[in-house]
Amino acid sequence: MKSPILPPTNKWGIFSKWTIKKMVFVGILIAVSVALTIFLSSGIPAAYLPQLKFSIIGLPVKITGFIFGPIIGFLVGLLSDIISMFFIVPTLYSPLYTLATAMNGLVSGIIGWFFMHFLKFYFDDQSKIEHLKGKIFKLNLKFDELVSKEEFEKSKSVHEKIIKISIQIKNIDKVKTESQLRNVCLIISVFFLSLLIVILISVIGFELPDSAFVKLPINNRWMLLTLTVAGFATMMIFLTITRFKLNKTSYLIVIPIVIFSALLEITNVPILAIGDASVTNNGGFGDIVLWIFSHTLISPVKIWINLLIIYYSYSIVSKLIYKNENLGY
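This is a predicted model, so every value here is computed, not measured.

Draft legend 1. View of the pattern of salt bridges. Counting across every chain of the model gives two salt bridges. Glutamate 145 is paired through a salt bridge with lysine 149; the nearest N and O atoms lie 3.1 Å apart. The partly exposed category is assigned to glutamate 145, whose relative accessible area is 41%. The shortest N-O distance in the salt bridge between glutamate 151 and lysine 154 comes to 3.8 Å.

Draft legend 2. Here's a closer look at the UniProt feature "transmembrane region" (unreviewed entry) in the protein chain. UniProt annotation of "transmembrane region" (unreviewed entry) refers to residues 24-49, 61-89, 95-119, 184-206, 222-239, 251-273 and 288-314 when read in the numbering used here. For residues 95-119, helix accounts for 100% and strand for 0%, while the C-alpha atoms at its two ends are 35 Å apart. Its end C-alpha atoms 33 Å apart, residues 251-273 is made of 100% helix and 0% strand.

Draft legend 3. Highlighting the nonpolar core. Core analysis: the biggest nonpolar cluster contains 57 residues, and Leu193, Phe232 and Leu239 have the highest contact counts within it. If you list the elements that add at least two residues to this core, you get α1 (20-41), α3 (59-68), α5 (95-123), α8 (174-207), α9 (221-245), α10 (248-279) and α12 (299-322). Looking at this core element by element, the count peaks at 12 residues for α10. Every residue in contact with phenylalanine 232, bar those within four places of it in the chain, is listed here: Leu193, Leu196, Ile197, Leu200, Ala262, Ile266 and Ile303.

Draft legend 4. Molecular detail of the confidence of the model for the protein chain. Looking at the protein chain as a whole, the pLDDT averages 80, with 81% of positions reaching at least 70. Mean pLDDT values over the elements of the protein chain span from 57, in helix α11 (residues 285-296), up to 90, in α3.

Draft legend 5. Broad picture of the packing of aromatic side chains. Applying the stated criterion across every chain, the model contains eight aromatic pairs. Here the aromatic rings of tryptophan 113 and phenylalanine 118 are separated by 5.6 Å at their centres, their planes lie at 40°, and the arrangement is tilted. An aromatic cluster is present here, built from Trp113, Phe114, Phe115 and Phe118 joined pairwise through their rings. It is arginine 243 that lies over the ring of phenylalanine 244; its NZ or CZ is 4.7 Å from the centre.

Draft legend 6. Quick peek at the side chain of serine 318. Here serine 318 lies in helix α12. Residue classification places serine 318 among the buried residues on the basis of a relative accessible area of 0%. In this structure the side chain of serine 318 is engaged in a polar contact, spanning 3.5 Å, whose partner is the backbone oxygen of serine 315.

Draft legend 7. How the structure looks around α3. Counting buried positions over the 10 residues of α3 gives 10, a clear majority of the element. Three or more residues of α3 are buried, namely Leu59, Pro60, Val61, Lys62, Ile63, Thr64, Gly65, Phe66, Ile67 and Phe68. One or two positions beyond α3, positive phi appears at glycine 69, with a value near 105°.

Draft legend 8. Just the environment of isoleucine 38, in detail. Looking at where isoleucine 38 falls in the secondary structure, it is placed in helix α1. Looking at isoleucine 38, the relative accessible area reads 27%, which means it is partly exposed. In the structure, isoleucine 38 is positioned 51 residues away from valine 89 in sequence and 9.9 Å away in space, judged by C-alpha atoms. Once residues lying within four places of it in the same chain are set aside, the contact partners of isoleucine 38 are Phe87 and Ile88.

Draft legend 9. Spatial organisation of the packing of α3 against helix α4 (residues 70-87). Relative to each other, α3 and α4 sit at 160°, their axes nearing to 7 Å. Considered as vectors, α3 and α4 are oriented roughly antiparallel to each other. Crossing angle aside, the handedness with which α3 passes α4 is right-handed. Mapping the contact onto sequence places Val61, Thr64, Gly65 and Phe68 in α3 and Pro70, Ile72, Gly73, Val76, Gly77 and Ser80 in α4. Partitioning the contact of α3 with α4 into residue classes produces five nonpolar, five polar and no charged.

Here is what the cut-offs are and how they apply
- Residues numbered from 1 in each chain as written.
- Predicted model: local features only at pLDDT ≥ 70, side-chain atom pairs only at ≥ 80, totals over all residues.
- Heavy atoms only, no water.
- Salt bridge = Lys/Arg side-chain N within 4 Å of Asp/Glu carboxyl O.
- Buried < 20%, exposed > 50% of the residue type's maximum accessible area, 1.4 Å probe, protein only.
- UniProt positions renumbered as here; feature names shortened; annotations may be inferred.
- Helix = DSSP H or I, 4+ residues; strand = E, 2+ residues; numbered from the N terminus.
- Core = buried A, V, L, I, M, F, W, Y, C linked by side-chain atoms within 4.5 Å.
- Contact = heavy atoms within 4.5 Å.
- pLDDT = per-residue confidence, 0-100.
- Phe/Tyr/Trp six-rings, centres within 6.5 Å; stacked < 30°, edge-to-face > 60°.
- Lys NZ or Arg CZ within 6 Å of the ring centre and 35° of its normal.
- Polar contact = N/O pair within 3.5 Å; in protein donor to acceptor, adjacent residues only side chain to side chain.
- Axes fitted to C-alpha atoms, helices over the stretch in contact; angles between N-to-C directions.
- Parallel < 35°, antiparallel > 145°, perpendicular 65-115°, else oblique.
- Left-handed = near helix turned anticlockwise from the far one by under 90°.
- Nonpolar A, V, L, I, M, F, W, Y, C, P; charged D, E, K, R; others polar.

Here it is, written out as structure tokens:
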């Protein structure tokens, strides 16, 4: 498979150009999400459907947010969940399930934008070159204007600036800037995952009372903490190794997928757990912890599944979205 395509380097805003082509893809992804809901709900007990909406059915929503940004991602998640209920009336439902589905698109969009647009815009060699070329273009216009007014001293100064910027472009070390971009992405991702690990250690290791672990299959808090943290630690090792193994494009796609998948586990698991506890009338503190455990234990597995599916989905869709980006349809 050929390498996927990254977003244009000169477009780093959250609100990108909206075209008919993008609308079509968003519509397709909504349809896929709804179709998955209908298909899976027909053969899976309702009690397990909320978890599947987050881990499997939410995948098209995450892909939408990742490609089209957080606003579109959130709306697609919201609409997908609401539309699916017109076809399959849930026996167990909480508004928190809809919120969790919408969060898939919001979080994936924010993290994707930060790594693939914002950081790439400021650290990528091509972005720097395009930025400097933009300066040269403006200075050339100013130079022509000054020459036409016969202000030769000022035009000479502008011409010197153009020469300096041209030299800057020639001196840009593509290898060095690519290395900087990789290092910045790695440092931020490791910091972020470390922060999540600290939160887990704080909550599971010290904040929760011993009574919270009584109903859990693994009632030893330190063993539970080890299993939970191990998954996130493995991701840190994986991102560190791939820093040197993957090409720039693949690495810039892999990092945000891992990060937003991990973040969604932290943000959505409590939302889903409280929703599960409320619809099953088991709203006690211990029951909520039990529901959190049921979601968290397989979080690392879900994150790796997310990585594989979203990466290869993005590889296909990105070529269709970003090819001929400047066309107005």
